[in-house]
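Examining the three-dimensional arrangement
Chain residues, written in single-letter form:
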Amino acid sequence: MKNIIEIKNMSYRYPVSDDFCLKNITFSIQKGAFTAIVGNNGAGKTTLCNAIRGFVPHFYKGELAGEVIVDGKQIVDYQLGQLGEKIGYVFQNPFSQISGVKDSVFNEVAYGLENLGVPVDEIIQKVEDVLKLVNIEHLRGKNPFELSGGQRQRVALAAIIVMDPDILVIDEPTSQLDPIGTEDIFDVIRLMKERGKTVLLVEHKMDLIAEYADNILVLHEGALVMQGPVREVFSDPKYATFNIQYPHVTEVALNLIDIGVPLKFIPIRNEELPKALKMEWEENND
Ligand SMILES: Nc1ncnc2c1ncn2[C@@H]1O[C@H](COP(=O)(O)OP(=O)(O)OP(=O)(O)O)[C@@H](O)[C@H]1O
């Protein structure tokens, strides 16, 4: 499978800062993969997303070293507009994403397509499909500024999905949502993956990462300290050294191991803990 994103020895320093907030980062992402970026506050997750979508260095100047390659082309050789068509970016703060010039959710979601000059009947069809997908049909007539944070997060996601970009970079899409709303958003993201989209997601909810993502990048103080399939990273004792959350079930399992309860493997999804206990028990009682 082709690498759609390649980062080679990338370092970045913001203009006003003395220190590099991203340090010598190297990784690649295959087309169609769902990758979660995790790390403590200030680790550099949002800055890394901004480097991938070209805002570093096109918008935030500063000092960039190394290479950022998207779909075979260096990021510095793209126009920001070209990158905007290829990469849909959903902001951490849904309040930043609302355009402020549209008076209904329907028109807000249609806005990007209108700017591209897409024929009206096509716009209507696409917006209807996406409103249904993200489960906000009932909000179509509402003013985006009257919505709750969670509703705005859905509208922001819809406004990006409707543009049909190859890559989705999503920064904490569920911070304003309750557990049900959160699961709904992850279902939409899963659907995007099934449609062949490459997804990069910053998220603190590790249970959902364990459930849905393929790979994890672990950032710590600007360095990429671990990368690999979700199960490998959560099961690696090195992960514990960064004081980042685990999936709840993994936390419970590690506590059990600590007090001397052996497990056949380290579970990362809820349904796996009984399995790990049962396998261990059966092996010892044959
Ligand atoms: N515009 C900026 N100018 C200068 N420094 C910045 C800027 N934006 C972020 N930083 C600094 O860069 C570092 C990385 O910040 P970043 O927002 O990328 O981290 P993060 O992992 O996304 O954190 P959080 O989980 O809190 O969102 C931090 O030390 C932050 O203070």
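Note that the structure is a prediction, hence the values are computed from the model and not measured.

Our next topic: the overall build of the chain. Looking only at helices and strands, the chain features 12 helices and 10 strands. For a compact globule of 286 residues, the expected C-alpha radius of gyration is about 19 Å, and the chain comes in at 21 Å, within 12% of that figure. Taken over the C-alpha atoms alone, the chain extends approximately 70 × 45 × 35 Å along its principal axes. In the chain, which comprises 286 residues, the share counted as buried stands at 47%. Pairs at least 24 residues apart make up 62% of the contacts formed inside the chain by residues separated by at least 6 positions. Treating the 28 positive side-chain charges of the chain as one cloud and the 41 negative ones as another, the clouds have centres 4 Å apart.

Of all residues adjacent to the ligand, which total 14 residues, the nearest are Gly 42, Gly 44, Lys 45, Thr 46 and Thr 47. Burial of the ligand by the protein chains amounts to 63% of its free accessible area of 640 Å². The residue inventory of the shell around the ligand, partitioned by class, reads 5 nonpolar, 8 polar and 1 charged.

Once that is clear, we can look at the nonpolar core. Membership of the largest hydrophobic core comes to 54 residues, with the highest contact counts inside it found for Val 127, Ile 209, Val 218, Phe 234 and Tyr 239. The element contributing the most residues to this core is helix α7 (residues 149–161), with 6 residues. With near-sequence residues (within four places) excluded, Val 218 lies in contact with Val 38, Ala 223, Leu 224, Val 225, Met 226, Val 233, Tyr 239, Phe 242 and Ile 244. Val 68, Val 202, Leu 217 and Leu 224 belong to the second-largest nonpolar core, a separate cluster that totals 31 residues.

A few words on a negative patch on the surface. A cluster of acidic residues, Glu 183, Asp 207, Glu 211 and Glu 271, forms a negative patch on the protein surface. By secondary structure assignment, the location of Glu 183 is in helix α8 (residues 179–194).

The subject of this paragraph is unusual backbone geometry. Residue Asn 9 is not a glycine yet carries a positive backbone phi of 45°. With respect to the element layout, Asn 9 can be found in strand β1 (residues 3–13). In this structure, Asp 71 takes a positive phi of about 50° despite not being glycine. Within the secondary structure, Asp 71 is located in the loop between β4 (63–70) and β5 (73–74).

To continue, consider the packing of helix α5 (residues 105–115) against helix α6 (residues 120–133). Relative to each other, α5 and α6 sit at 125°, their axes nearing to 10 Å. Relative to α6, the element α5 is oriented oblique. Here α5 runs over α6; the crossing is right-handed. In contact with Val 105, Phe 106, Val 109, Ala 110, Leu 113 and Glu 114 of α5, α6 contributes Ile 123, Ile 124, Lys 126, Val 127, Glu 128 and Leu 131.

By the bridge criterion, 4 bridges tie strand β3 (residues 34–38) to strand β9 (residues 215–220) in an arrangement that is parallel. The partner of Thr 35 across the bridge, within β9, is Asn 215. Judged from the 6 bridges that link them, β9 and strand β10 (residues 223–229) form a sheet pairing that is antiparallel. If you follow His 220 over to β10, its bridge partner there is Ala 223.

Among the secondary structure elements, Val 56 is positioned in helix α2 (residues 55–58). Judged by its relative accessible area of 1%, Val 56 falls in the buried class. On a C-alpha basis, the gap between Val 56 and Val 130 in space is 30 Å, while along the polypeptide they are 74 residues apart. Apart from the residues lying within four places of it in its own chain, the contact partners of Val 56 are Tyr 12, Thr 47, Asn 50, Ala 51 and Leu 64.

Here the focus is helix α11 (residues 248–258). For α11, the complete set of buried residues consists of Val 249, Thr 250 and Ala 253. The arc that holds the buried residues of α11, viewed along the axis, is 100°, so those residues lie on one side. The exposed residues of α11 that point more than 90 degrees off its buried face are His 248 and Asp 258.

What counts, and where the lines are drawn
Residues numbered from 1 in each chain as written. Predicted model: local features only at pLDDT ≥ 70, side-chain atom pairs only at ≥ 80, totals over all residues. Heavy atoms only, no water. Helix = DSSP H or I, 4+ residues; strand = E, 2+ residues; numbered from the N terminus. Rg over C-alpha atoms; globule rule 2.2 N^0.38 Å. Buried < 20%, exposed > 50% of the residue type's maximum accessible area, 1.4 Å probe, protein only. Contact = heavy atoms within 4.5 Å. Lys, Arg positive; Asp, Glu negative; His and termini not counted. Charge placed at Lys NZ, Arg CZ, Asp CG, Glu CD. Near = heavy atom within 4 Å. Areas by Shrake-Rupley, 256 points an atom, 1.4 Å probe, with all protein chains shown as cover. Nonpolar A, V, L, I, M, F, W, Y, C, P; charged D, E, K, R; others polar. Core = buried A, V, L, I, M, F, W, Y, C linked by side-chain atoms within 4.5 Å. Patch = residues over 30% accessible without salt bridge, like charges linked within 9 Å, V, L, I, M, F, W, Y side chains within 5 Å. Salt bridge = Lys/Arg side-chain N within 4 Å of Asp/Glu carboxyl O. Axes fitted to C-alpha atoms, helices over the stretch in contact; angles between N-to-C directions. Parallel < 35°, antiparallel > 145°, perpendicular 65-115°, else oblique. Left-handed = near helix turned anticlockwise from the far one by under 90°. Pairing = 2+ DSSP bridges. Arc of directions from axis to C-beta.

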